[in-house]
Amino acid sequence: MTVQPASAGEGQAAAGLPRVLVLATGGTIAGKADPRSAIGYDAGSATGQQLVEAVPGVDRLAHLQVEQISNIPSQDMNHKVWFRLVERINTAFARHEADAVVITHGTDTMEETAFFLDTVLHHEQPVILTGSMRPGSAISADGPANLYEAVKVAASPQARGRGVLVVLNDTIHAAHWVSKADSTALQTFVSRNAGPVGIVDPAAVRFYGPARVRLALPLPAGEQLPAVDVIYAHADMDGRQIDESVRAGVKGLVIAGMGDGNVSAPAMQALDRAVKAGLVIVRSSHVGDGFVNRNVEVDDDAHHFVASYDLNPQKARLLLQILLAGGVQDVAAVQQAFAFGY
Ligand code: DGL
């Protein structure tokens, strides 16, 4: 489906504009009110076409083509949709159908989709994710402005070569660092450790500095990702969940550790059993900021663990899945991938 400019005159304006392919996946930005409560709504209700048509002036930024990839709340986002997005984006750029891509998406897992795409897509063209914290039916809905700004960034020459970006609430985040930090606030996304990479102000799209060097890995074959569990660490923790994951046959474990990626002694013994069973173990942390480094409180060399550096647990899980899918399971090689760029 292509959004045609409103009038022939505006159609002329579209002639010299960049071509932006909008891929809609659902989320609150596509949400509609539900009478279950005064604030109730269902994410993934409106179509991508309806979203774009509700943004005045966006067709003066770019020539837009809208396609519906899925229409789901992003807590239901999954590898099948990710592989569909990769295939469509690779095809669009290979066939020169688009100069950039904007993906409308729920904010719950936007950071994961952004990180997965940033790792397996290797294009100069911008790929921008956006969404909203309020449904279109809400007072002061933020979706139309976010979509307008996402297209503005996608159409910006400075966005080229920066990998996958997230644009929300006037702020531009890189996929590697962005994470959702507030369950309801409009300014929900933060970029841990590094800060946003730019802003969208009324005058221009502004980037603060050069692009981060990105780790480019091959797309896993067969549209499958190996099972990797994330286990949340807490006080008085035993090894039960770890042992259960091993029995379930997962190929790797990511620990959402306390502090500097720590677990209790009983959980540590269970992790040693997991390593002996052939799993790759990554120590991440649920605290938010900072790096999880090797051999600080935990002797990673002795335990054959991987330290996640600055990747949060959900992104560490994705990187481990992509590495394992590519046959990389040697601890030193996995650690090199997590330390890439530092
Ligand atoms: N269900 C959540 C999602 O689709 C709503 C959050 C949002 O999109 O802002 O991610």
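Residues numbered from 1 in each chain as written. Predicted model: local features only at pLDDT ≥ 70, side-chain atom pairs only at ≥ 80, totals over all residues. Heavy atoms only, no water.

Asker: Give a detailed account of the sheet that holds strand 16 (residues 306-307), specifying residues and quantitative values.
Answerer: Spatially, four strands are ordered 13-14-15-16 in an open sheet, and the strand pairing comes out parallel. One side of each edge strand has no neighbouring strand; the edge strands of this open sheet are strand 13 (228-232) and strand 16. By the bridge criterion, five bridges tie strand 13 to strand 14 (residues 252-257) in an arrangement that is parallel. Directly across from Tyr-232, in strand 14, lies its bridge partner Ala-256. Against the sheet, helix 6 (residues 240-248) contacts strand 13 and strand 14, and its axis sits at roughly 170° relative to strand 13. (Pairing = 2+ DSSP bridges. Helix = DSSP H or I, 4+ residues; strand = E, 2+ residues; numbered from the N terminus. Contact = heavy atoms within 4.5 Å. Axes fitted to C-alpha atoms, helices over the stretch in contact; angles between N-to-C directions.)

Asker: Could you give an account of unusual backbone geometry, naming the residues involved and the relevant values?
Answerer: Most peptide bonds take the trans configuration, and most residues that are not glycine carry a negative phi. Phi at Asn-169 takes a positive value of approximately 55°, unusual for a residue other than glycine. Structurally, the position occupied by Asn-169 is in the loop between strand 7 (164-168) and strand 8 (171-174). A residue is classified by how much of its surface remains accessible, and Asn-169, at 25% relative accessible area, is partly exposed. In this structure, Tyr-309 is a non-glycine residue whose phi angle is positive, near 55°. You can see Tyr-309 is positioned in the loop between strand 16 and helix 9 (313-325). (Buried < 20%, exposed > 50% of the residue type's maximum accessible area, 1.4 Å probe, protein only.)

Asker: Please set out the pattern of salt bridges residue by residue, giving values where relevant.
Answerer: Inspection of the entire model under this criterion finds 14 salt bridges. Across the pair Arg-192 and Asp-289 runs a salt bridge, and its minimum N-O distance is 3.5 Å. One end of the pair, Arg-192, is in the loop between strand 10 (189-191) and strand 11 (198-200); the other, Asp-289, is in the loop between strand 15 (280-285) and helix 8 (300-303), with 97 residues separating them in the sequence. The shortest N-O distance in the salt bridge between Arg-240 and Glu-244 comes to 3.7 Å. On the criterion of helical spacing, the pair formed by Arg-240 and Glu-244 is a turn pair, its members being four residues apart in helix 6. (Salt bridge = Lys/Arg side-chain N within 4 Å of Asp/Glu carboxyl O.)

Asker: If you had to explain the nonpolar core to someone new, which residues and values would you point to?
Answerer: Counting residues in hydrophobic clusters, the biggest one holds 50 residues, and the most contacted among them are Ile-103, Phe-116, Leu-117 and Phe-338. A total of eight residues in this core trace back to one element, the largest contributor, which is helix 3 (residues 79-94). Grouped together as the second largest cluster of nonpolar side chains are 31 residues, Ile-29, Ala-46, Val-55 and Ala-100 included. (Core = buried A, V, L, I, M, F, W, Y, C linked by side-chain atoms within 4.5 Å.)

Asker: Give a detailed account of the UniProt feature "active site" (unreviewed entry) in the protein chain, specifying residues and quantitative values.
Answerer: In the UniProt entry, the feature "active site" (unreviewed entry) is given for Thr-28 and Thr-107. Across 80 residues in sequence, these annotated residues keep their C-alpha atoms within 7.6 Å of one another, forming a single compact spot. None of the other annotated residues line the largest pocket; only Thr-28 and Thr-107 do. If you trace the backbone, Thr-28 turns up in the loop between strand 1 (19-26) and strand 2 (32-33). The residues contacting Thr-28, other than those within four sequence positions of it, are Tyr-41, Ala-43, Gly-106, Ser-132, Met-133, Arg-134, Pro-135 and Gly-136. Relative to the assigned elements, Thr-107 resides in the loop between strand 5 (100-104) and helix 4 (110-120). Discounting chain neighbours no more than four positions away, the residues touching Thr-107 are Ser-74, Ser-132, Met-133, Lys-180 and Phe-189. (UniProt positions renumbered as here; feature names shortened; annotations may be inferred. 1 Å grid on protein atoms, 1.4 Å probe; cavity = no way out; pocket = protein on both sides within 12 Å on 5 of 7 lines; lining within 4 Å.)

Asker: Now, about the sheet that holds strand 8: what can you tell me, with residues and values included?
Answerer: Read from one edge of the open sheet, eight strands run 4-1-5-6-7-8-11-12, paired in mixed fashion. The open sheet has two edge strands, strand 4 (63-72) and strand 12 (205-207), and neither has a second partner. With strand direction ignored, the average angle separating the axes of adjacent strands in the sheet is 25°. Two elements, strand 1 and strand 4, share seven bridges in a ladder whose sense is parallel. Residue Leu-23 lies in a different strand from strand 4, and its bridge partner there is Glu-67.

Asker: Residue-level account of helix 6, with values.
Answerer: Along helix 6, the residues classified as buried are Ile-242, Asp-243 and Ser-245. Taken around the axis of helix 6, the buried residues stretch over an arc of 160°, which confines them to a single face. Exposed residues lying more than 90 degrees from the buried face of helix 6 are Arg-247 and Ala-248. In this structure, the buried residues of helix 6 make contact with strand 13, strand 14 and helix 7 (265-276). A positive backbone phi angle near 90° is found at Gly-249, which sits one or two residues after helix 6. (Arc of directions from axis to C-beta.)

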